[in-house]
Amino acid sequence: MAQSDDNMDLWLRALSGELTAEERLRLDRDDPEFAELEELAAIYDLARTEGSDEPLPASVADRIRAQAVLPSPTDAAAPSAVCPIQSQQARIPAPANAGLAWFAAAACLIAAIAGWWPAAPEPIETPAPAPTVAELRDQFATQAPDLVKFDLAGTEDPAASDETTGTVVWSQQAQRGFMTIENLSVNNPAEAQYQLWIFDGSREKHPVDGGVFDITDDGQVIVPIEAKLPVGAPTLFAITVERPGGVVVSDQGRIAMVGKVGA
Amino acid sequence: MLAVLVGVESHVGLAPVRRVRNNPVMQSTLAADLTVLERIARGDSTAVDACIKTYGGLVWSIARRYFKRQADAEDAVQEVFLDLWKSAARFDRNQRSETVFVAMIAKRRVIDRFRAETRHPAAEELPPTGIENPHADANPEICTEAGQIRARLGDLRAEERDTLDLGVVYGYSHAEIAKKLDMPLGTVKSHMRRGLMRLKGWLDDEPEIK
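Residues numbered from 1 in each chain as written. Chains lettered and ligands numbered in written order. Predicted model: local features only at pLDDT ≥ 70, side-chain atom pairs only at ≥ 80, totals over all residues.

A tally of helices and strands in chain A yields six helices and eight strands. Expressed as a percentage of contacts within chain A between residues at least 6 apart in sequence, the contacts between residues at least 24 apart total 63%. (Helix = DSSP H or I, 4+ residues; strand = E, 2+ residues; numbered from the N terminus. Contact = placed C-beta atoms within 7 Å.)

We now examine the overall build of chain B. Counting its secondary structure elements, chain B contains 11 helices and zero strands. Seen in sequence order, chain B has helices and strands lined up from the N terminus as α-α-α-α-α-α-α-α-α-α-α. Per-residue burial over chain B gives 52% buried out of 210 residues. Across chain B, every contact between residues at least 6 apart in sequence was considered, and the portion connecting residues at least 24 apart equals 70%. (Buried ≥ 20, exposed ≤ 12 C-beta atoms within 10 Å, placed from the backbone.)

What follows deals with the sheet that holds strand S6 (residues 220-226) of chain A. All names here are of chain A. Pairing within the open sheet is antiparallel, and its eight strands lie in the order S5-S4-S7-S8-S1-S2-S3-S6. If you trace the sheet from one side to the other, it starts and ends with strand S5 (208-213) and S6, each paired once. Between one strand and the next, the sheet's axes are offset by a mean angle of 20°, whatever the strand orientation. (Pairing = 2+ DSSP bridges. Axes fitted to C-alpha atoms, helices over the stretch in contact; angles between N-to-C directions.)

Bringing helix H4 (residues 47-66) of chain B into the picture now. With 20 residues, H4(B) ought to run about 28 Å at 1.5 Å a step, and its terminal C-alpha atoms sit 28 Å apart, in line with that. Residue B:Tyr55 marks the point of greatest curvature in H4(B), where the axis turns by about 55°. (Expected span 1.5 Å × (residues − 1). Bend = angle between axes of the 7 residues up to and from the residue.)

With respect to the secondary-structure elements, B:Ala76 resides in helix H5 (residues 70-87). Sequence spacing of B:Ala76 and B:Trp60 is 16 residues, and the spatial spacing of their C-alpha atoms is 8.6 Å.

Attention now goes to the pairing of S6(A). All names here are of chain A. With five of seven residues buried, S6 lies mostly within the body of the structure. As paired strands, strand S3 (residues 176-182) and S6 are joined by seven bridges and run antiparallel to one another. Looking across to S6, one finds that methionine 179 is bridged to valine 223.

Looking now at helix H11 (residues 185-204) of chain B. Note on helix geometry: an α-helix contains 3.6 residues per turn, so any two residues three or four positions apart are oriented the same way. Residues and elements named next belong to chain B. Taking 1.5 Å of rise per residue, the 20 residues of H11 would be expected to cover 28 Å, and the 29 Å separating its terminal C-alpha atoms lies within 8% of that figure. Inspection of H11 places Val188, Lys189, His191, Met192, Arg193, Arg194, Gly195, Leu196, Met197, Arg198, Leu199 and Lys200 among the buried residues, and these make up the whole buried set. Count one or two residues on from H11 and you reach aspartate 205, which has phi positive near 60°.

All names here are of chain A. S3 sits mainly inside the fold: five of its seven residues count as buried. As judged from the seven bridges shared by strand S2 (residues 165-171) and S3, these two strands associate in the antiparallel manner. Its bridge partner lying in S3, serine 171 is registered against arginine 176. The hairpin formed by S2 and S3 contains four residues between the paired strands, and glutamine 175 there has a positive phi angle of roughly 60°.

Residues and elements named next belong to chain B. Contact geometry for helix H8 (residues 144-151) and H11: axes closest at 10 Å, N-to-C directions at 120°. Put simply, H8 runs oblique to H11. Considering the relative orientation of H8 and H11, their crossing is right-handed. Two secondary-structure elements touch here, H8 through Glu145, Gln148 and Ile149 and H11 through Leu199, Trp202 and Leu203. Class assignment of the residues belonging to the contact of H8 with H11 gives a composition of four nonpolar, one polar and one charged. (Parallel < 35°, antiparallel > 145°, perpendicular 65-115°, else oblique. Left-handed = near helix turned anticlockwise from the far one by under 90°. Nonpolar A, V, L, I, M, F, W, Y, C, P; charged D, E, K, R; others polar.)

This next bit is on the nonpolar core. All names here are of chain B. In this structure, Val59, Ala63 and Val77 are the most contacted members of the largest nonpolar core, which totals 103 residues. A total of 11 residues in this core trace back to one element, the largest contributor, which is H4. Ignoring any residue separated from it by four or fewer positions in sequence, one finds alanine 63 in contact with Ala73, Ala76, Val77 and Val110. (Core = buried A, V, L, I, M, F, W, Y, C linked by C-beta atoms within 7 Å.)

Attention now moves to the packing of helix H9 (residues 158-169) of chain B against helix H10 (residues 174-181) of chain B. The description of two helices packed together rests on the angle between their axes and the distance between the axes. Residues and elements named next belong to chain B. Running from N to C, H9 and H10 point in directions that differ by 135°, and their axes come no closer than 10 Å. One way to sum up the angle between H9 and H10 is to call them oblique. Judged by the sense of rotation from one axis to the other, the crossing of H9 with H10 is right-handed. Packed against H9, whose contacting residues are Asp162, Thr163, Leu166 and Gly167, the element H10 presents His174, Ile177, Lys180 and Leu181 at the interface. In terms of residue class, the contact of H9 with H10 is built from three nonpolar, three polar and two charged.

Attention now moves to the confidence of the model for chain B. All names here are of chain B. Per-residue confidence for chain B gives a mean pLDDT of 76; residues scoring 70 or more make up 70%. Confidence drops under a pLDDT of 50 for residues 1-28, and excluding neighbours within four residues, the segment shows 41 contacts in the predicted structure. Low confidence marks residues 122-142, where pLDDT is under 50. Its contacts with residues over four positions away, or in another chain, come to 61 contacts. Overall fold confidence (pTM) sits at 0.66, and the ipTM for the predicted complex is 0.76. (pLDDT = per-residue confidence, 0-100.)

Let us look at unusual backbone geometry. All names here are of chain A. Despite not being glycine, glutamine 252 shows a phi value in the positive range, around 55°. Here glutamine 252 is to be found in the loop between strand S7 (234-242) and strand S8 (255-260). For glutamine 252, a count of 11 C-beta atoms within 10 Å gives the class exposed.

In structure tokens:
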């Protein structure tokens with residue numbers, strides 16, 4: 001059992017990427033069962049994030065396309081697979097089936113040639129430009145069936161001022177939303193970043209992490225909200241100032257903006 | 001398989017269960033039926049666009065959950081696709097769905113790269129997630145296993161779901177999860193273990209663990 005616990009611990013740490021390169025190599029080499037767990041984790045990830053994928057930026061797609069080096073066709077399985085393998089018995093000529101056999105052989109030959117013949121290049125579609133954050137927010141606001149909207153206000157924190165305002169649109173069903181913030185101080189990401197916290201009436205302990213973001217403009221900035229955990233009953237949204245990268249749990253030493261849901 | 005994961009709950013089946021696709025259509029190897037990765041493995045350069053179109057959004061979304069800077073996410077995505085071209089020949093449709101195969105490679109590459117930079121996830125500088133699922137349009141039967149899990153997410157205990165979300169989806173370390181959820185480290189691991197065990201039972205259609 002001790003060995004089992006060790007394995008389990010190793011597997012869980014591997015899922016979070018906490019293994020050293022050596023440990024990981026050993027796991028991949030010696031423990032085929034880990035692939036099953038890795039698969040399960042991938043399926044869970046897909047289940048939790050389904051419907052929230054955003055399009056790959058066109059410029060990145062172009063780079064990937066330009067750098068693509070595929071295996072040589074000669075390395076791959078020959079296109080014999082396009083014809084079912086005949087049993088030895090089936091290959092014995094039989095007068096009654098001779099015509100059929102020739103037809104099958106001809107069909108296989110044509111299919112094989114078709115498989116080897118270089119395919120005509122597919123027309124390259126010009127990808128549509130990715131929507132802006134403002135467009136996505138507006139689309140979200142019109143499509144979310146249970147949208148709630150409320151204001152954020154600046155606090156006494158030096159990052160805020162009398163002119164600092166904000167609005168939140170949030171869908172409980174989608175567990176997503178957007179903040180539109182105006183006149184919050186521009187931050188230097190190397191020194192500090194803003195982090196959103198969603199206070200959840202259904203959770204007794206810490207508020208839910210709503211993501212780290214930067215204010216890059218003196219005017220209006222739109223920030224998508226991505227709650228890291230399901231939010232049961234949102235009561236208050238608060239923006240804190242944290243160290244770069246954000247924190248796991250905030251001491252709420254600097255709260256720059258707050259907004260009460262339903263206010 | 002996952003005998004250790006199942007641990008003392010020995011009433012849960014321990015036998016390896018593969019979600020093998022027995023659909024005769026899926027087993028056909030006619031060229032027209034080849035999946036994107038199978039075409040890649042055969043050196044079909046016209047499959048590159050199809051692969052990017054089908055899985056670009058998935059890979060990008062995984063990367064952006066970990067990397068705050070767009071440039072970092074872009075580098076990670078390029079690395080994932082380089083790995084996909086090399087690994088395509090290892091894809092076996094009888095073992096797992098193509099989407100899961102791509103997600104496994106993407107997560108592994110992104111997490112390795114992310115941990116090498118020793119930062120914890122943060123990702124809100126980038127544009128937000130879309131409302132629609134682009135790869136669902138490309139292939140409506142994209143991942144039945146994920147659908148199975150999704151249909152029963154509400155049956156997971158809250159602690160199991162929270163620890164799996166933070167650890168598996170967002171890549172927080174166990175220590176970070178313990179701090180975030182105000183739980184002892186051992187409890188975090190127990191919840192993750194039980195949550196994964198429950199998911200496995202659902203996929204294998206085994207009796208529910210109480």
